[in-house]
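Chains, contacts and geometry: an overview
Read off the chains here:
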Amino acid sequence: MKKKLVILLCLIVFGVSFANSQTTSKINPYIEGEVMNYEGNLNKLVFRGISVANLTFTTSKAENGKDYLVKAEAISKGTLLKLFRFSFLYRVTSTIDSERFVALKTVKRDEQGDRVRDSEANFDHTEKKVTYVETDPKDSARPPRRIASAIEDETHDLISGIYILRSMPLAVGNSFSLNISDSGLVYKVPVSVTKKEMQNTIFGKVMCFRVEPQVFGKGRMIESDGSMIIWITDDNRRLPVRANLNTSIGKVDVKLKKYEIKR
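The rules behind each value
- Counting starts from 1 at the beginning of each chain's written sequence and moves along it residue by residue.
- Local features in this predicted model are restricted to residues of pLDDT 70 or higher, and side-chain atom pairs are both shown and tallied only at a pLDDT of 80 or more, whereas totals for entire chains, interfaces and linings draw on every residue.
- The basis for every side-chain value is the complete set of heavy atoms in the structure, and neither hydrogens nor water enter the calculation.
- Secondary structure is summarised from DSSP: a helix means a run of H or I of at least four residues, a strand means a run of E of at least two, and numbering begins at the N terminus for each.
- Surface exposure here means Shrake-Rupley accessible area, sampled with a 1.4 Å probe, where a residue is shielded only by the protein chains that are shown.
- Think of it in three bands: with a 1.4 Å probe and only protein chains considered, a residue is buried below 20% of the maximum accessible area for its type, exposed above 50%, and partly exposed in between.
- Any two of the Phe, Tyr and Trp rings considered here, Trp counted by its six-membered ring, make a pair once their centres fall within 6.5 Å; the pair's planes then place it as stacked at under 30 degrees, edge-to-face at over 60, or tilted in between.
- Placement of a charge over a ring requires the Lys NZ or Arg CZ to be within 6 Å of the ring centre, with the centre-to-atom vector within 35 degrees of the ring normal.
- The term salt bridge refers to a pairing of a side-chain nitrogen on Lys or Arg with a carboxyl oxygen on Asp or Glu at a separation within 4 Å.
- Think of it this way: Lys and Arg go in the positive column, Asp and Glu in the negative one, and His and the chain ends go nowhere.
- By the criterion applied in these results, polar contacts are pairs of N or O atoms within 3.5 Å in which, for protein atoms, one can donate a hydrogen and the other can accept it, and in which residues neighboring in sequence qualify only through two side-chain atoms.
- Working rule for contacts: check all heavy atoms of both residues, and any pair within 4.5 Å makes them a contact.
- Here, any two strands with at least 2 DSSP bridges between them count as paired.

**Brief notes about the overall build of the protein**
- Looking only at helices and strands, the protein features three helices and 15 strands.
- For the protein, the exposed area adds up to about 12,500 Å²; of that, 48% sits on carbon and sulfur atoms.

**Digging into unusual backbone geometry**
- Phi at Lys128 takes a positive value of approximately 55°, unusual for a residue other than glycine.
- By secondary structure assignment, the location of Lys128 is in the loop between β6 (115-124) and β7 (129-135).
- In this structure Lys128 comes out as partly exposed when scored by relative accessible area, which is 37%.
- The backbone of Ser183 shows a phi angle near 55°, a positive value even though the residue is not glycine.
- In this fold, Ser183 is placed in the loop between β10 (175-182) and β11 (185-201).
- The exposure class assigned to Ser183 is partly exposed, which follows from its relative accessible area of 22%.

**Remarks on the packing of aromatic side chains**
- Summed over the entire model, instances satisfying the criterion amount to six aromatic pairs.
- Arranged with centres 6.5 Å apart and planes meeting at 70°, the rings of Phe57 and Tyr163 form a pair that is edge-to-face. With Phe57 in strand β2 (residues 47-61) and Tyr163 in helix α3 (residues 158-164), this pair connects stretches of sequence that are 106 residues apart.
- Judged by centre distance (6.2 Å) and plane angle (75°), the rings of Phe203 and Tyr259 are edge-to-face. Placement of Phe203 in the loop between β11 and β12 (204-213) and of Tyr259 in strand β15 (residues 250-261) is noted, with a sequence separation of 56 residues between them.
- Here the aromatic cluster, defined as three or more aromatic residues joined through ring pairs, consists of Tyr30, Tyr38, Phe57, Tyr68, Phe101 and Tyr163.
- Over the ring of Phe203 we find Arg237, and its NZ or CZ is 4.2 Å from the ring centre.

**Quick look at the pattern of salt bridges**
- Enumeration over the complete set of coordinates arrives at 20 salt bridges.
- For the salt bridge of Lys108 with Asp182, the shortest nitrogen-to-oxygen distance reads 3.4 Å. You can see Lys108 sitting in strand β5 (residues 103-112) and its partner Asp182 sitting in strand β10, a full 74 residues away along the chain.
- In this structure, a network of salt bridges that share partners links the residues Arg117, Glu134, Asp136, Arg142 and Arg145.

**Notes on the environment of Pro213**
- Looking at the element boundaries, Pro213 is found in strand β12.
- What makes Pro213 buried here is its relative accessible area of 6%.
- In the structure, Pro213 is positioned 35 residues away from Leu178 in sequence and 9.3 Å away in space, judged by C-alpha atoms.

**Considering the side chain of Asp97**
- Among the structural elements, Asp97 can be located in the loop between β4 (88-96) and β5.
- Buried charge Asp97 goes without a salt bridge, the closest partner of opposite sign being Arg100 at 6.0 Å.

**Examining the side chain of Asp110**
- Positionally, Asp110 belongs in strand β5.
- In this structure the side chain of Asp110 is engaged in a polar contact, spanning 3.2 Å, whose partner is the side chain of Gln112.
- Leave out the neighbours within four places in its chain, and Asp110 touches Leu89, Tyr90, Arg115, Val116 and Arg117.

**With respect to the environment of Tyr30**
- As for its position among the elements, Tyr30 is in the loop between α1 (2-14) and β1 (34-44).
- The class for Tyr30 is buried, based on a relative accessible area of 4%.
- The spatial distance from the C-alpha of Tyr30 to the C-alpha of Val70 is 9.0 Å, given a sequence separation of 40 residues.

**Here's the deal with the pairing of β12**
- With 10 bridges joining them, β11 and β12 adopt antiparallel strand pairing. What sits directly across from Gln199, in β12, is Val206.
- Two successive antiparallel strands, β11 and β12, enclose a turn made up of two residues.

**Section: the pairing of β4**
- Counting buried residues in β4 gives seven out of nine residues, a clear majority hidden from the surface.
- Two strands pair when backbone bridges link them, and strand β3 (residues 68-76) and β4 are joined in this way by eight bridges, in the antiparallel orientation. Bridging from a neighbouring strand, Val70 pairs with Ser94 of β4.
- Summarising the sheet, β4 and β5 pair through nine bridges and their orientation is antiparallel. Within the sheet, the bridge partner assigned to Arg91 lies in β5 and is Arg109.
- Hairpin connection, β4 to β5: the antiparallel pair is bridged by six residues, and Phe101 has positive phi, about 65°.

Below, the structure is given as structure tokens:
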């Protein structure tokens with residue numbers, strides 16, 4: 001249950017990409033200085049609306065002054081530790097190509113209780129390959145875990161995926177396919193825009209697209225039963241303001257709590 005909960009909380013915001021090479025526009029989805037803060041809540045049996053995690057995304061320029069750097073962080077809250085004796089920290093730094101908006105490098109720190117893993121994925125879009133290396137900083141004698149996989153055009157990591165959505169023409173009835181790489185593996189996820197719905201947000205009531213990616217099932221990112229819904233604002237901001245996961249371990253609801261652009 002514990003490992004699943006971490007994956008679900010991160011995927012609900014980190015793991016959504018609806019891009020393919022035929023539909024992606026050249027509108028820049030990255031805003032330098034943009035910060036998005038989310039809160040994740042768990043509903044399970046007697047636990048109703050328990051706040052279990054904070055999630056933050058921050059966009060800046062990379063060291064070369066050209067590409068983009070997005071830092072994403074998911075941190076468990078004290079309630080999770082008290083209820084389940086479990087804590088986690090999930091940090092991802094993604095370097096994004098400023099012209100094609102695809103991932104160039106992903107650096108990750110994954111802490112789940114006493115388990116800690118550091119990893120780096122490098123995307124070679126010329127050779128069409130992603131190379132992933134994972135190490136255990138607590139055990140220097142443990143050999144690194146290495147995975148190399150073939151990638152297609154418009155393959156993203158978990159971060160560049162959600163951002164590229166903001167440059168696409170969403171419309172009810174549209175379906176997309178995504179190529180997303182995580183931990184050296186590559187997944188193809190079908191996604192549908194099913195309807196428009198009003199949502200209560202930090203900006204007031206806002207009309208949003210209801211987007212449903214198929215991340216659950218055999219051979220998918222989460223090999224279990226479940227469903228996922230994401231609400232994206234129907235305006236120029238294209239902000240993911242809410243997401244919901246319904247799984248065997250309970251329902252997880254993530255909402256945008258704060259938005260700002262730091263200059």
